[in-house]
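# Overview (structure and organization)
The primary structure of each chain is shown beneath.
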Amino acid sequence: MTTIKIGSRQFTIKRASVVVSSNGQECHGLTDHLNDLIVLSKQYPTHHKDTIIHELLHAMLDASGASRLVSDEELFVRILTPHLLSVIQQLIAKKLLQ
Ligand SMILES: [Zn+2]
């Protein structure tokens, strides 16, 4: 378990054996905005990087108030996730972000 600060909020990030969304479906992760909690499933280790970026984007949209500007937040986050992950990995590889 760890925490990450997004704006004025402190989100706790933890892993769980199984993560179930509000609609009852097992999922890779979820963001609980009421409790500033991000839960990542241990079931999908190969998707861990994508999932944490995905859930952090949800948290950033909520913490910044930008979620109200997006009509389909899930689609928005799904489209941005691979691009953001790729850029972060490139920045780390080029030692521009350490
Ligand atoms: Zn999502």
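In this section: the overall build of the protein. If you tally the helices and strands in the protein, you get 2 helices and 4 strands. Here the C-alpha coordinates of the protein stretch approximately 40 × 30 × 25 Å along the principal axes. Across the 98 residues of the protein, 15% fall into the buried class. Within the protein, contacts between residues at least 6 apart in sequence are counted, and of these 43% link residues at least 24 apart.

What follows deals with the sheet that holds strand β4 (residues 37–41). Taken in spatial order, the 4 strands make up an open sheet running β1-β2-β4-β3, and their pairing is mixed. Edge positions in the open sheet fall to β1 (2–6) and β3 (29–32), since each of these has one partner strand only. On average, adjacent strands in this sheet sit at an angle of 20° to one another, irrespective of strand direction. Note that strand β2 (residues 9–16) and β4 share 5 bridges and pair parallel. Bridge pairing links Ala16 to Ser41 in β4. Against the sheet, helix α1 (residues 48–64) touches β1, β2, β3 and β4, its axis set at about 20° to β3.

Here we take up the nonpolar core. Judged by nonpolar contacts, Phe11, Leu30, Ile38, Val39, Leu40, Leu56 and Ala59 together constitute the single largest core of 7 residues. In terms of residue count, β4 provides more of this core than any other element does, 3 residues in total. Ala59 has contacts with Ile6, Phe11, Thr31 and Ile38, leaving out every residue within four places of it along the chain.

With a phi angle near 50°, Asp36 is a residue other than glycine that sits in the positive phi range. Within the secondary structure layout, Asp36 lies in the loop between β3 and β4. Phi is positive for Lys95, which is not a glycine, with a value near 60°. By secondary structure assignment, the location of Lys95 is in the segment after α2 (73–93).

A separate point is the packing of α1 against α2. If you want to describe how two helices pack, look at the angle between their axes and the distance between the axes. Two elements in contact, α1 and α2, have axes whose closest approach is 9 Å; the angle formed by their N-to-C orientations is 125°. When the interaxial angle is binned, α1 and α2 end up oblique. Crossing handedness for the pair α1 and α2: right-handed. The residues of α2 that touch α1, namely those facing Lys49, Asp50, Ile53, His54, Leu57, His58 and Leu61, are Glu73, Val77, Leu80, Thr81, Pro82, Leu84 and Leu85. Residues belonging to the contact of α1 with α2 are distributed by class as follows: 8 nonpolar, 3 polar and 3 charged.

Each value, and the rule that gives it
- Along every chain, residues carry numbers that run from 1 in the direction the sequence is written.
- Selection of residues for local features in this predicted model requires a pLDDT of at least 70, selection of side-chain atom pairs for listing and counting requires 80 or more, and totals for whole chains, interfaces and linings are taken over all residues.
- Secondary structure is summarised from DSSP: a helix means a run of H or I of at least four residues, a strand means a run of E of at least two, and numbering begins at the N terminus for each.
- Once C-beta atoms are placed from the backbone, each residue is buried if 20 or more other C-beta atoms lie within 10 Å of its own, exposed if 12 or fewer, and partly exposed for counts between those two.
- We call two residues in contact when the distance between their C-beta atoms, placed using the backbone, is within 7 Å.
- Here the rule is simple: two strands pair whenever DSSP picks up at least two bridges between them.
- Axes here refer to lines fitted to C-alpha atoms; in helices the fit is confined to the stretch in contact. Angles between the N-to-C directions go from 0 to 180 degrees.
- Any nonpolar core is a set of buried residues, restricted to Ala, Val, Leu, Ile, Met, Phe, Trp, Tyr and Cys, that join up through C-beta atoms within 7 Å.
- Angular relationships are summarised with four words: roughly parallel below 35 degrees, roughly antiparallel beyond 145, roughly perpendicular across 65 to 115, and oblique for the angles in between.
- Left-handed describes a crossing in which the near helix is turned anticlockwise from the far one by less than a right angle; the clockwise case is right-handed.
- Three classes are used, and their members are as follows: Ala, Val, Leu, Ile, Met, Phe, Trp, Tyr, Cys and Pro are nonpolar, Asp, Glu, Lys and Arg are charged, and the others, Gly among them, are polar.

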